[in-house]
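Chain and residue survey
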Amino acid sequence: MKPDLRGPVSLTQYLTEERRAGYGDTDLIQLLEIVARACKRIAVATGKGALGGVLGEAGTGNIQGEAQKKLDVISNEILLDANAWGGHLAACASEEMEHPQQIPDAYPRGGYLLLFDPLDGSSNIDVNISVGTIFSVLKRPGGHRGRVETSEFLQPGTNQVAAGYVVYGSCTLLVLTLGHGTHVFTLDREAGSFILTRRDVQIPEDTSEFAINMSNQRFWEAPMQRYIGDLLAGKEGPRGRDFNMRWVASMVADVHRIITRGGIFSYPLDSKIKAKGGKLRLMYEANPMSFIVEQAGGAAHTGRERILEVQPEGLHQRVPVILGSKNEVAQAVRYHTDA
Ligand code: P6P
């Protein structure tokens, strides 16, 4: 009887098997391995907390007009340095940088574009609430050589070839899709490798748990006011059942709860941020999270259109987000389309 050699499946083994099955090529596999390795270094940096002298403000601001945390800058640098030399990328784009970062001339350019929010939810770092890295991979449009133009990044989310997030919580988890299901890897800190711990996530199609920042309620558009009002009405209201609420204010943590047990997450338009188009960024927050959620049987919508079909107009464009359990997202969208 041959011994069962399967044992725990590492990220490397999973990616190798996916490539053999036709999902991804050698460059994409190398890119994802490098991003995962960089996130292990980010996990170490965030895990040091006050002992690492990495808490607090960096004393600088980013393109979003937000004060940068030291760990925002550190995480961004870790990802840029890790991806410079491999020859798989043409350029990187980041929430922390106004323009894309070209691959240095000393190294060969590859055919992929990497976008990331290096440390999402960083306002939570100093209070020790889970934060995370979100990333998205696109192919460089055909026929382009030399320096990468920003316009090459402006592709709809349906063009993503891979997307993932790493949540730095009680354990460090990588959630990844190559367009062939969504899978969860847990970091084995002793061995230093991500191990496949949940294959082919399926988000429950219905839920009784919603995630939204209620302090903005009076600023929401009418359809969202009505939708959330009906959830709050509970058993006595039109939904005929009670709902629970969670809000971590760290998208990676809120989305991971939905990946794990279902739910609906929304950062809708409100009158305070309407001029900006929303709170969350399309290219490196909404699109990767929507790809991951849809590959896990969920849905992701702006209230007006499927997020993955939004045609980007700017690298740091913002969109309203409603994502999670498929049937509940459909309910929320109906309040908008009926309006
Ligand atoms: P608020 C974090 O800054 C973030 O971009 C997302 O991770 C999170 O969902 C949202 O903003 C929280 O926003 O207004 O509740 O602080």
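Residues numbered from 1 in each chain as written. Predicted model: local features only at pLDDT ≥ 70, side-chain atom pairs only at ≥ 80, totals over all residues. Heavy atoms only, no water.

A few words now on the site of the ligand. Taken together, 13 residues sit near the ligand, with D120, N213, W247, M251 and Y267 positioned nearest. Between the ligand and the protein, one listed contact pairs an oxygen atom with a side-chain N or O atom of D120 at 2.7 Å. M251 has a polar backbone atom sitting 2.7 Å from an oxygen atom of the ligand. Isolated, the ligand exposes 400 Å² of accessible area, and the fraction of that covered by the protein chains is 82%. Of all the secondary-structure elements, those providing two or more residues to the shell around the ligand are β13 (264-267) and β14 (280-281). (Near = heavy atom within 4 Å. Polar contact = N/O pair within 3.5 Å; in protein donor to acceptor, adjacent residues only side chain to side chain. Areas by Shrake-Rupley, 256 points an atom, 1.4 Å probe, with all protein chains shown as cover. Helix = DSSP H or I, 4+ residues; strand = E, 2+ residues; numbered from the N terminus.)

Before going further, it helps to examine the packing of helix α1 (residues 11-20) against helix α2 (residues 26-48). Two elements in contact, α1 and α2, have axes whose closest approach is 10 Å; the angle formed by their N-to-C orientations is 160 degrees. Classified by the angle their axes make, α1 and α2 are roughly antiparallel. When the axes of α1 and α2 are compared, the crossing they make is right-handed. Of the residues in α2, those in contact with L11, T12, L15 and R19 of α1 are T26, I29, L32, E33 and A36. A breakdown of the residues in the contact of α1 with α2 according to their chemical character gives 5 nonpolar, 2 polar and 2 charged. (Axes fitted to C-alpha atoms, helices over the stretch in contact; angles between N-to-C directions. Parallel < 35°, antiparallel > 145°, perpendicular 65-115°, else oblique. Left-handed = near helix turned anticlockwise from the far one by under 90°. Contact = heavy atoms within 4.5 Å. Nonpolar A, V, L, I, M, F, W, Y, C, P; charged D, E, K, R; others polar.)

Moving on to the packing of aromatic side chains. What the rule picks out here adds up to 4 aromatic pairs. Pairing W247 with F265 gives two aromatic rings, centres 5.4 Å apart and planes at 20 degrees, and the pair type is stacked. Of the two residues, W247 is situated in the loop between β12 (244-245) and α5 (251-261) and F265 in strand β13; the sequence distance between them amounts to 18 residues. Given a relative accessible area of 25%, W247 falls into the partly exposed group. Classification of F265 by relative accessible area gives buried; the value is 2%. When the ring of W247 is compared with that of Y267, the centres are 6.0 Å apart and the planes differ by 50 degrees; the resulting orientation is tilted. Taken as a pair, W247 in the loop between β12 and α5 and Y267 in strand β13 lie far apart in primary sequence, 20 residues in all. Connected via pairs of aromatic rings, a cluster forms that spans W247, F265 and Y267. (Phe/Tyr/Trp six-rings, centres within 6.5 Å; stacked < 30°, edge-to-face > 60°. Buried < 20%, exposed > 50% of the residue type's maximum accessible area, 1.4 Å probe, protein only.)

Membership of the largest hydrophobic core comes to 45 residues, with the highest contact counts inside it found for L28, L32, L114, V137, L174, L176 and L178. Ranked by the residues each element gives to this core, the list is headed by α2, at 12 residues. When sequence neighbours within four positions are dropped, the list of residues in contact with L32 reads L15, F135, V137, A162, L176 and L178. One finds L113, I134, V319 and V321 within the second-largest nonpolar core, a separate group that totals 44 residues. (Core = buried A, V, L, I, M, F, W, Y, C linked by side-chain atoms within 4.5 Å.)

Here we take up the sheet that holds strand β17 (residues 321-324). In a beta sheet, neighbouring strands are held together by backbone hydrogen bonds and run either parallel or antiparallel to one another. Pairing within the open sheet is mixed, and its 5 strands lie in the order β12-β11-β13-β17-β15. Strands at the two margins of the open sheet, each flanked by one partner only, are β12 and β15 (299-301). Pairing between strand β11 (residues 209-211) and β13: 2 bridges, direction parallel. By the bridge assignment for β13, A211 is matched with F265. Strands in contact with helix α7 (residues 326-338) are β13, β15 and β17; relative to β17, the strand with the most contacts, it is inclined by about 155 degrees. (Pairing = 2+ DSSP bridges.)

Take the side chain of D117 next. Position of D117 relative to the elements: it lies in strand β5 (residues 112-120). No salt bridge is formed by the buried D117; the nearest opposite charge belongs to R281, separated by 5.0 Å. (Lys, Arg positive; Asp, Glu negative; His and termini not counted. Salt bridge = Lys/Arg side-chain N within 4 Å of Asp/Glu carboxyl O.)

On to the domain arrangement of the protein, then. For an interface, size is often stated in terms of accessible area lost upon the parts coming together. When its domains are assigned, the protein resolves into domain 1 (11-198) and domain 2 (209-338). Computed over C-alpha atoms only, the centres of domain 1 and domain 2 are separated by 24 Å. Facing 47 residues of domain 1, the contacting portion of domain 2 comprises 32 residues. Of all residues in domain 1, I134, L154 and Y165 give up the largest surface area on contact with domain 2, accounting jointly for 20% of the area buried on that side. Counting across the interface, domain 1 meets domain 2 through 1 salt bridge. Here R281 makes a salt bridge to E95, at a shortest N to O gap of 2.5 Å. One can count 15 residue pairs in polar contact (both at pLDDT 80 or more) joining domain 1 with domain 2. For the side of domain 1 that touches domain 2, the elements supplying multiple residues, two or more each, are β3 (89-94), β5, β6 (131-139), β7 (162-168) and β8 (172-177). In terms of residue class, the side of domain 1 that touches domain 2 is made up of 23 nonpolar, 18 polar and 6 charged. (Domains from an automatic or database assignment. Buried area = accessible area lost by both parts, 1.4 Å probe.)

On to the pairing of β13. Of the two faces of β13, the one carrying I264 and S266 and the one carrying F265 and Y267 are both buried. Summarising the sheet, β13 and β17 pair through 4 bridges and their orientation is antiparallel. From the neighbouring strand, I264 faces β17, where its bridge partner is G324.

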